[in-house]
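Survey of secondary and tertiary structure
What follows is the residue order along each chain.
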Amino acid sequence: IDNHWVANFTYPAEWLGTEIVNLTATDTEGLSVNTEFGMTVNEPCPIIMDTIAPTAGGNITMSAGDEINFNFTGHEINGRNLYYHWALDGSEVSFEQAYKYITDMTSIGTHTIVLTVSNMPPIPMKTSVLSKSDVESSNSKTLAKTKGVSTLIYTWNINVVANKAP
């Protein structure tokens, strides 16, 4: 018998706050193990943009050797912290509120900068796999699930040229 199983949890849309979830795993021979999870579901809260520079997304042409400052200021209505993720051509470049893009001759071409602002810290995506021994060794685990995490995404397409036309 394969003792690794994937557990998927679905919760009712009206759940808010913390609920206790009891999990019973039973194998084909009738042996079972119980464990308990505390599941916290938070109400979504919108993120308000106060300022963004340059303008919120769009197309930008710049010369090699130039630099441009990107900056986002905003807040969440309930006062939770905001988390920033800047990516250049799909690679992470900053987790700060501002990002400076500096070009040189190797930058000539088209690039994409994406800013993701969220009210939840980034969490690596992975599938939880519990074995029978995992469940037996843990009397209680906490599973945090956020319903409707608020996220804003802005995208800039940057064209870096050798010399920008006057």
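1. Overview of the sheet that holds strand β5 (residues 58-63)
One open sheet accounts for five strands, arranged β5-β13-β10-β7-β8; its pairing is mixed. Since the sheet does not close on itself, it has two edges, and those belong to β5 and β8 (91-94), each with one partner. Looking at each pair of strands side by side, their axes are set apart by 30° on average, direction ignored. Two strands pair when backbone bridges link them, and strand β7 (residues 83-88) and strand β10 (residues 109-118) are joined in this way by six bridges, in the antiparallel orientation. Directly across from His 85, in β10, lies its bridge partner Thr 116.

2. Comments concerning the pattern of salt bridges
Pairing of side chains with opposite charge becomes possible as their charged atoms draw close. One pass over the full model with this rule turns up two salt bridges. A salt bridge links Glu 67 to Lys 100, with the shortest nitrogen-to-oxygen separation between them at 3.3 Å. Remark: Lys 100 occurs in strand β9 (residues 98-102) and Glu 67 occurs in strand β6 (residues 67-76); sequence separation between them is 33 residues. Of the residues examined, Lys 100 reaches a relative accessible area of 42% and is grouped as partly exposed. We note a salt bridge from Glu 76 to Arg 80, for which the minimum N-O separation is 3.4 Å. Among the residues examined, Arg 80 registers a relative accessible area of 29% and is labelled partly exposed.

3. Details of the pairing of β7
Each regular strand displays side chains that alternate between the two surfaces of the sheet. By the bridge criterion, three bridges tie β7 to β8 in an arrangement that is antiparallel. In the sheet register, Trp 86 faces β8, and the bridge partner there is Ser 94. Counted between consecutive antiparallel strands, the loop separating β7 from β8 contains two residues, among which Asp 89 sits at a positive phi close to 50°.

4. Regarding the packing of aromatic side chains
Under the criterion given, the structure shown has eight aromatic pairs. Seen from their ring centres, Phe 70 and Trp 156 are 4.9 Å apart, and the 65° between their planes marks the pair as edge-to-face. With Phe 70 in strand β6 and Trp 156 in strand β13 (residues 151-161), the pair connects residues that are 86 residues apart, well separated along the chain. The exposure classification of Phe 70 matches that of Trp 156, with both residues buried.

Conventions used here
- Residues numbered from 1 in each chain as written.
- Predicted model: local features only at pLDDT ≥ 70, side-chain atom pairs only at ≥ 80, totals over all residues.
- Heavy atoms only, no water.
- Pairing = 2+ DSSP bridges.
- Helix = DSSP H or I, 4+ residues; strand = E, 2+ residues; numbered from the N terminus.
- Axes fitted to C-alpha atoms, helices over the stretch in contact; angles between N-to-C directions.
- Salt bridge = Lys/Arg side-chain N within 4 Å of Asp/Glu carboxyl O.
- Buried < 20%, exposed > 50% of the residue type's maximum accessible area, 1.4 Å probe, protein only.
- Phe/Tyr/Trp six-rings, centres within 6.5 Å; stacked < 30°, edge-to-face > 60°.

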